[in-house]
Amino acid sequence: MRMNENMKHHIPKSTLHYATWICTVAIGLFFSSSCSKRLQYPSFEDYEIALAWSDMALMITKRTPQNSPTFASRCLGYIGLTMYESVVHGFPPYQSLQSQLNEMPQLPTPDLEKTYNWSIACNAAMAEIIRKLYIQTSEDNKRSIDSLEHVIHTSLRDLSGDLEMTTRSAAFGRTIADSIFQWSVSDGGHRGYLANFDKNFIHPEHPGSWKPPLYAQSFSHHPLHPHWGLNRTFLRENSSLDLPYMIPYDPSPGSPYYEQFMTVYEKDKALSQEEKEIAIWWGDDPDETFTPPGHSFYIANILIKKNKPTLIECGETYARVGMAVADAFINCWKWKYHFFSERPNTFIPAYIDEEWESFWPDPPFPAFPSGHAIQAAASACVLMDLFDNQTVFTDSSHVGRPRDKIRDVDFKARNFKSIWEIATETADSRFFGGIHVPQDNEVGLTEGVRIAENVNRLNWKSPKS
């Protein structure tokens, strides 16, 4: 990926997110200026605008009720794609993905005889797609979206001095968002938060099948989104992947199946303090955080802040991460409900130690393969194709959260020397938490890469370039 090293970084590095910082500036300007004067908003580099909207998406994800990693992955897929498609016509030799994606209709195209401000188009598109995808969010959250859109729009309008072009650019961005949203309605996951748990779903009963555990994140006795695996994937190539191999059920001591759970049991008895910190850091409980797919978007934010890419490169980054993670969750859920496999919290008490319970509570759905592992690998794989894998960075996403008193663990920033290290540590966190056996994570990592490689192989640029 070509990075622009000469861009000036206007926004200070602080604990405030970009979206919050921009809106805070707007409020401060409002109260410090007389009503008779036009407010002078600060200027923003293109990558800062992309970051602000990514931060806004994560904030809305975190603060919207009935959240789930499945629904969040879907939203982030469409949000990333919308950013890319809203600006792609302004950056030859990049091209629209519409002909390459699964059942995607014709998108609007700009008037080639007129000029556009693609930052303005992006700003309008991002506000519109987030409003449409998260129609159920609070009025306060909707006002935050409106405020961010207004601040960026006004700054760019005043900078351009061309009201007609500003209006035309914003209108184009909104039409792109509306077209992508209309396409999203038919994917099977539209307003999925209304049916997180299907009370009519009949649980498959077989040796080693998933059972609602006593120690769990949810009080529901029904698993989350049992039909999510039927949803339309972003890529056709990701809709017909081969079924992964799972070790056959055999509870006999010493069998490969038994040893998977024995490994979890032995690790739980010897967890180090750092392993406990890793387990809670990557838990990303949807009731408390922006969910695991949101964490992947957050890692993309870190890399964009570090590299300061162009607007189209930002759009490509978020589109790749979003679609890879969304398709990873669809396939993961398809396989979870095919195998409907148990977790250590049911096997270990039945066959190894009846008093045992995991370090981290069970999520409300079957085990194999690991959703954390598959989405983290998918995200890491696309990011490694865009940025240098050997990148040193710090993940501070949960810094400031209260100490986990139950587990006697603090939320400490995590330091990494490569992008792929994120994927392996995310997978390990579920093993340390005692909620996944090794094969769940190993298969998750392998399949996540396979899904992401299809995303990487899309023709992002014209074959003639």
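Residues numbered from 1 in each chain as written. Predicted model: local features only at pLDDT ≥ 70, side-chain atom pairs only at ≥ 80, totals over all residues. Heavy atoms only, no water.

With 13 residues, helix 7 (residues 256–268) ought to run about 18 Å at 1.5 Å a step, and its terminal C-alpha atoms sit 19 Å apart, in line with that. Taken together, the buried positions of helix 7 are Y257, Y258, Q260, F261, M262, V264 and Y265. Looking at the buried residues of helix 7, the elements they touch are helix 11 (344–351), helix 13 (420–432) and helix 14 (438–456). (Helix = DSSP H or I, 4+ residues; strand = E, 2+ residues; numbered from the N terminus. Expected span 1.5 Å × (residues − 1). Buried < 20%, exposed > 50% of the residue type's maximum accessible area, 1.4 Å probe, protein only. Contact = heavy atoms within 4.5 Å.)

At a minimum axis distance of 10 Å, the contact between helix 7 and helix 11 shows a crossing angle of 95°. On the basis of their axis angle, the class for helix 7 and helix 11 is roughly perpendicular. Of helix 11, the residues touching helix 7 (which contributes Y257, Y258, F261, V264 and Y265) are P344, F347, I348 and Y351. Each residue belonging to the contact of helix 7 with helix 11 can be placed in one class, and the counts come to 9 nonpolar, no polar and no charged. (Axes fitted to C-alpha atoms, helices over the stretch in contact; angles between N-to-C directions. Parallel < 35°, antiparallel > 145°, perpendicular 65-115°, else oblique. Nonpolar A, V, L, I, M, F, W, Y, C, P; charged D, E, K, R; others polar.)

Before going further, it helps to spend a moment on helix 13. Note that an α-helix has 3.6 residues per turn; residues three or four places apart therefore point the same way. Along its 13 residues, helix 13 runs 18 Å from first to last C-alpha, staying within 8% of the 18 Å computed at 1.5 Å per residue. Among the residues making up helix 13, those that are buried are I422, A423, E425, T426, A427, S429, R430, F431 and F432. Residue G434 follows helix 13 closely and has a positive phi angle near 80°.

Another aspect to go through is the packing of helix 3 (residues 69–87) against helix 9 (residues 291–307). At a minimum axis separation of 7 Å, helix 3 and helix 9 run at an interaxial angle of 35°. Where helix 3 approaches helix 9, its residues P69, A72, S73, L76 and G80 are matched on the opposing element by T291, P292, P293, G294 and F297. Looking at side-chain class alone, the contact of helix 3 with helix 9 contains 6 nonpolar, 4 polar and no charged residues.

Here we take up the packing of aromatic side chains. Applying the stated criterion across every chain yields a total of 27 aromatic pairs. Note on F261 and F347: the rings are 4.3 Å apart at their centroids and 25° apart in plane angle, and the pair reads as stacked. In this pair, F261 sits in helix 7 while F347 sits in helix 11, placing the two residues 86 residues apart along the sequence. Of the two residues, F261 and F347, both sit in the buried class. On the basis of an interplanar angle of 40° and a centroid distance of 5.5 Å, the ring pair of F329 and W333 is categorised as tilted. One end of the pair is F329 and the other is W333, both in helix 10 (residues 311–339) and 4 residues apart, which spans about a single turn. Each member of the pair, F329 as well as W333, carries the same accessibility label: buried. One aromatic cluster is present, built from ring pairs that chain together Y249, Y257, Y258, F261, F347 and Y351. The side chain of R168 reaches across the aromatic face of Y116, ending 5.5 Å from its centre. In this structure, K336 packs its charged tip against the face of W333, placed 5.4 Å from the ring centre. (Phe/Tyr/Trp six-rings, centres within 6.5 Å; stacked < 30°, edge-to-face > 60°. Lys NZ or Arg CZ within 6 Å of the ring centre and 35° of its normal.)

As for its position among the elements, N117 is in the loop between helix 3 and helix 4 (118–133). When the C-alpha positions of N117 and G90 are compared, they lie 8.5 Å apart, and in sequence the two are 27 residues distant. Apart from the residues within four sequence positions on either side, N117 is in contact with S160, M165 and S169. A polar contact is formed between the side chain of N117 and the backbone nitrogen of S119, at a distance of 3.1 Å. (Polar contact = N/O pair within 3.5 Å; in protein donor to acceptor, adjacent residues only side chain to side chain.)

On their own, these measurements won't tell you what the molecule is for.
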